[in-house]
Amino acid sequence: MDAPLPFVDPKAQAGKFAAPAETFDVLVVGGGPAGTAAAVEAAGHGASVLLIDEHPVGAGLVGLDVPFLFGGRATAAVVTPERLVEQVVATSPGLEAAFEAGVDVRLGVSCFGLYVEGPGSLSLPGRIAALSDGERSWTVGFRTAVVATGARDLVIFFPGSELPGVVGAVGLHTLLARYDAFDGRRVVVLGSDALAVEAVLACRARGVAVAAVVEVALAVAAPADLAAALADTGVPVLTSHVVVRAEGDPTGIRAAVVAPVGGGEATRIACDTICLALGRVPVVDLLDAAGAALAYRDDAGGFVPTTADGLETTLPCVFVAGDCAGLGRRSSDGTADAAGRAAARAALARLGRDVPAAELPVVDAAPTEAYRLAWMDAMTAAGGPDVEICRCEEVTRAELLGVRPPRYLGADAAPCPPLERLAEDGTPSPDQLKRLTRAGMGVCQGRRCREQVAMATALATGTPLARLPLAGYRAPVRPLPLAAIADRDETPAMTADWDVWFGIPTQWVPYDDIGTEREDAFLGRNMHL
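The rules we used
Residues numbered from 1 in each chain as written. Predicted model: local features only at pLDDT ≥ 70, side-chain atom pairs only at ≥ 80, totals over all residues. Heavy atoms only, no water. Axes fitted to C-alpha atoms, helices over the stretch in contact; angles between N-to-C directions. Helix = DSSP H or I, 4+ residues; strand = E, 2+ residues; numbered from the N terminus. Parallel < 35°, antiparallel > 145°, perpendicular 65-115°, else oblique. Left-handed = near helix turned anticlockwise from the far one by under 90°. Contact = heavy atoms within 4.5 Å. Nonpolar A, V, L, I, M, F, W, Y, C, P; charged D, E, K, R; others polar. Pairing = 2+ DSSP bridges. Salt bridge = Lys/Arg side-chain N within 4 Å of Asp/Glu carboxyl O. Buried < 20%, exposed > 50% of the residue type's maximum accessible area, 1.4 Å probe, protein only. Polar contact = N/O pair within 3.5 Å; in protein donor to acceptor, adjacent residues only side chain to side chain.

1. Focus: the packing of helix H5 (residues 169-178) against helix H6 (residues 194-205)
Axis separation between H5 and H6 bottoms out at 10 Å; the angle between their running directions is 25°. Taken together, the axis directions place H5 and H6 in an arrangement best described as roughly parallel. Remark: the crossing between H5 and H6 carries left-handed chirality. Residues Ala169, Leu172 and Leu176 of H5 pack against Leu195, Ala199, Ala202 and Cys203 of H6. Split by residue class, the contact of H5 with H6 holds seven nonpolar, no polar and no charged.

What follows is the structure, given as structure tokens:
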């Protein structure tokens, strides 16, 4: 370990953070199949286990399309959290097993920060996780953690996609099966790979009509068995077609207009919902913000944590399981449970427990980049350059590729070189584009635009997605009210010197007190440079 520091600033926060009120052997983040399996396995070996899951999310997050693209298609059921908790438990068999195993299960709680040993965390009282239920926040300690945060929707916008009724396949499944809160009756599904066929089958199982499946490729992209299942439904499949626009009004979509790829006669399909089933993306926000090494893998669906064995990340005592470690071709292939159990055993072994290792299942994966870029290319050609690529900040594709400053700066804002010119100086950086255009800075925290920005950049510059760096995440990785994340448990030792963190003596002097005797009362405190 490093040599002792020669001097510790008494004003610094080192050693002043209060220890968490609770510490667990194993913290599991994510209550899906992998997470619940990990929690049950760890508890079965005598460990104290905390399992948290952000579902059911509040109505406010549903409206922000966090964590999935719910697209304004949720019923009023999402405003009654008590009812949703019962629904989530009833539709998640793993949760019942976790309760029976003695796991401390907390639903409706998100983990917005994970902190382990490393630069920048030396002042913390050990490994801690920052949690919130949307109204307050707190920390818990953990000895080891299993992150099983799943996957979210891949989003590509098109004209009219701002209308209520454009949902992602993961959001649709959540509303249909997990919340029983889907407010749609007739769906057009974009995409024909396994995810899309699963969406079609889920809709029909719930009595929701599927008007058509639209696919840019020349043939259905799903594996043979799912393609056959799709054919058995009798749902019309329009191959070599792309959505041109959605029609409707502020109350919702009325139709999807589709046309052959490359142009041709358009077809209007009546519907109230358009489901984007173009792919899923591993949820790695928490791991990236914590400092874990990530790498892009085409067959894993995007950036995934770097591991030596498929389980242990580069963070001390932090393991991964399920979709966040890499996607299979199907959203449910039966490997998540085994992956969760393997992660739990690896975590316990890291704690010195005498637990035999479990075999990590082989995931049936498939390349994703070519399929996704084909959709992005076709939808860009059909929709034009004025389609918003970042809805939160109202940045269009043309403004992104032109690297235009935010509109609120006005016409006098200094222009930036266009993306193609920036690419001549090196690999384009999504973070750089974010700073210059604000694309990705909105309240959804990039969930709706992150992949669009990367794909548009890749297509415009001829850069493979694997070479584009990941736009970084920062805690809190969930949008939270400031009142919820305010540290109300700040210790007196921390409070005593908080003003010196900024080192600007006049920063906190009220404007009306400047130049008066009252100003001395502020400057006379312990501010120092």
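2. Thoughts on the sheet that holds strand S15 (residues 273-276)
The pairing of strands in a sheet happens through backbone hydrogen bonds and is either parallel or antiparallel. Ordered in space as S8-S15-S9-S10-S11, the five strands form an open sheet in which the pairing is parallel. Of all the strands in the sheet, just strand S8 (166-168) and strand S11 (237-238) have a single pairing partner and so form its edges. Here strand S9 (residues 186-190) runs beside S15; their pairing, made up of four bridges, is parallel. Note that in S15 the partner of valine 189 across the bridge is cysteine 275.

3. Comments concerning the pattern of salt bridges
Per the counting criterion, the structure on display carries 28 salt bridges. Taking the shortest distance from any N to any O, the salt bridge between arginine 106 and glutamate 22 comes out at 2.8 Å. One end of the pair, arginine 106, is in strand S3 (residues 104-107); the other, glutamate 22, is in the segment before strand S1 (23-29), and 84 residues separate them in sequence. With relative accessibility at 28%, the residue glutamate 22 sits in the partly exposed group. Among the salt bridges present, the one from arginine 83 reaches aspartate 180, with a minimum N-O distance of 3.6 Å. With arginine 83 in helix H3 (residues 81-90) and aspartate 180 in the loop between H5 and S9, this residue pair connects regions lying 97 residues apart in the sequence. Arginine 83 sits in the partly exposed class, given a relative accessible area of 29%.

4. What to know about the side chain of aspartate 153
In this fold, aspartate 153 is placed in strand S7 (residues 151-153). Within the structure, the side chain of aspartate 153 is placed 2.9 Å from the backbone nitrogen of leucine 69, a separation counted as a polar contact. A polar atom in the side chain of aspartate 153 sits 3.2 Å from the backbone nitrogen of glycine 171. Contact partners of aspartate 153, with chain neighbours within four places excluded, come to Phe68, Leu69, Gly168, Ala169, Val170, Gly171, Gly279, Val281 and Arg447.

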